[in-house]
Amino acid sequence: MKIPFMDLTAGYPDYIDEATAAIKRLIETTQFIGGEEIDLFEKEFAAYCGLPYAIGCSNGTDALVVALKALGIGPGDTVITVPNTFIASAECINAVGAHVEFVDCDPDRFTIDPNALENHLRTRKSKSPVKAVIPVHLYGQMADMPEISRIAKNHGLKVIEDSAQAHGAKISNAGPGYYGDIATFSFYPGKNLGAFGDAGAIVTKDPSLYEMMKRYVNHGRWKEKYEHPIVGNNARMDTIQAAILRIKLRHLPSWTLARKRAAEAYAIGLSGKAVKVPFIAKSSDPVFHLFVIRSAERDSLQKRLKNSGISTGVHYPIPLHLQEAYRYLGYPEGAFPAAEASAKEVLSLPLWPEISNEQIKFVCDAI
């Protein structure tokens, strides 16, 4: 049996005819930029998130940049995030001219460690003021947002939740955007809610931030084509992507339940084996964008699984502070032990909503 890491085509029967018809309709009406599909998607995604406002945008990275811009963060400011994440979580900070600082992750749940964050804020010596923190909701599990929100409030920080892997996730019965000032999402095709290309979204409960970001993604304008109250950029969502995402959003709850079923089957199948299954905090309701195990023999295990026809992934093999791009920050190896340990041990197993019990058993038996 050959098992891919992900099978995007398995979900096609749920929506492909409707999506094809929607694309054909937009081509025939030449509705490629803006329009009703964008407006409806924003309303429907905001409702899904339980928040009043959502803005569609070009991708998850631009969503983070727009969020930072809306909060007035730029040169001379510092923003804190974690090193065990995709580079977009940090490069957005560079994109607005701000300074990046890292703090370590929690060794069990892989999201930002609130204790490390608070200790860093109390002991840092840099004169550059910290203006914001970007907690990353990794693998589908939210960070400890009640605690992070408390710390941020005490230190006067803004909070941007990087929710690229957390569509529908919750902690203490609240999703992305409830605790933070802004939450951002990616709809990269492999995400739990994926477009047919690049797309992203930003959600907030603040009407003034909403208006600022709504203008910013469309050249600083909103309702009048040639009136620009602010300097913005072109970070719009394509109309075709909005139409596809509207269709797929209706299936997201059932797909999420299927992911949870698969994660439970993995956890049962790997119980007692020489690997660690994901740690789930008591107050957390994850959506399992990835099912990530840990093994001290990760590289050997991955190679053997490949030889058995099983594709896996590593998210992420090099912490950001050890990437060549961030060597200039001067962090030595060993600066963030939890993040560095995870980079050597984590292994993402095959997972998509339609994965079968037979396929999961095959993977577990191979492990």
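Each remark here, short or long, concerns the structure printed above.
Rules behind the numbers
Residues numbered from 1 in each chain as written. Predicted model: local features only at pLDDT ≥ 70, side-chain atom pairs only at ≥ 80, totals over all residues. Heavy atoms only, no water. Pairing = 2+ DSSP bridges. Helix = DSSP H or I, 4+ residues; strand = E, 2+ residues; numbered from the N terminus. Axes fitted to C-alpha atoms, helices over the stretch in contact; angles between N-to-C directions. Contact = heavy atoms within 4.5 Å. Buried < 20%, exposed > 50% of the residue type's maximum accessible area, 1.4 Å probe, protein only.

1. Some points on the sheet that holds strand β8 (residues 200-204)
Move 1: Reading across the sheet, the seven strands line up as β1-β8-β7-β5-β4-β2-β3 and stay open at both edges, with mixed pairing between neighbours. The sheet terminates laterally at β1 (53-57) and β3 (99-102), the two strands that pair on one side only. In this sheet, neighbouring strand axes are inclined to one another by 25 degrees on average, regardless of whether the strands run parallel or antiparallel.
Move 2: Inspection of the sheet shows strand β2 (residues 78-81) paired to β3 by four bridges, in the parallel sense. Within the sheet, the bridge partner assigned to T81 lies in β3 and is F102.
Move 3: Of the strands in this sheet, β1, β7 (182-186) and β8 touch helix α2 (residues 36-49), which is tilted by about 125 degrees from β1.

2. Regarding the pairing of strand β5 (residues 158-162)
Looking down a regular strand, the side chains alternate between one sheet face and the other.
Move 1: Within β5, four of the five residues are buried, leaving the element largely enclosed by the surrounding structure.
Move 2: Here strand β4 (residues 130-133) pairs with β5 via two bridges, running parallel. Residue pairing across strands places V133 opposite V159, the latter belonging to β5.
Move 3: Looking at chain direction, β5 and β7 are connected through three bridges and run parallel.

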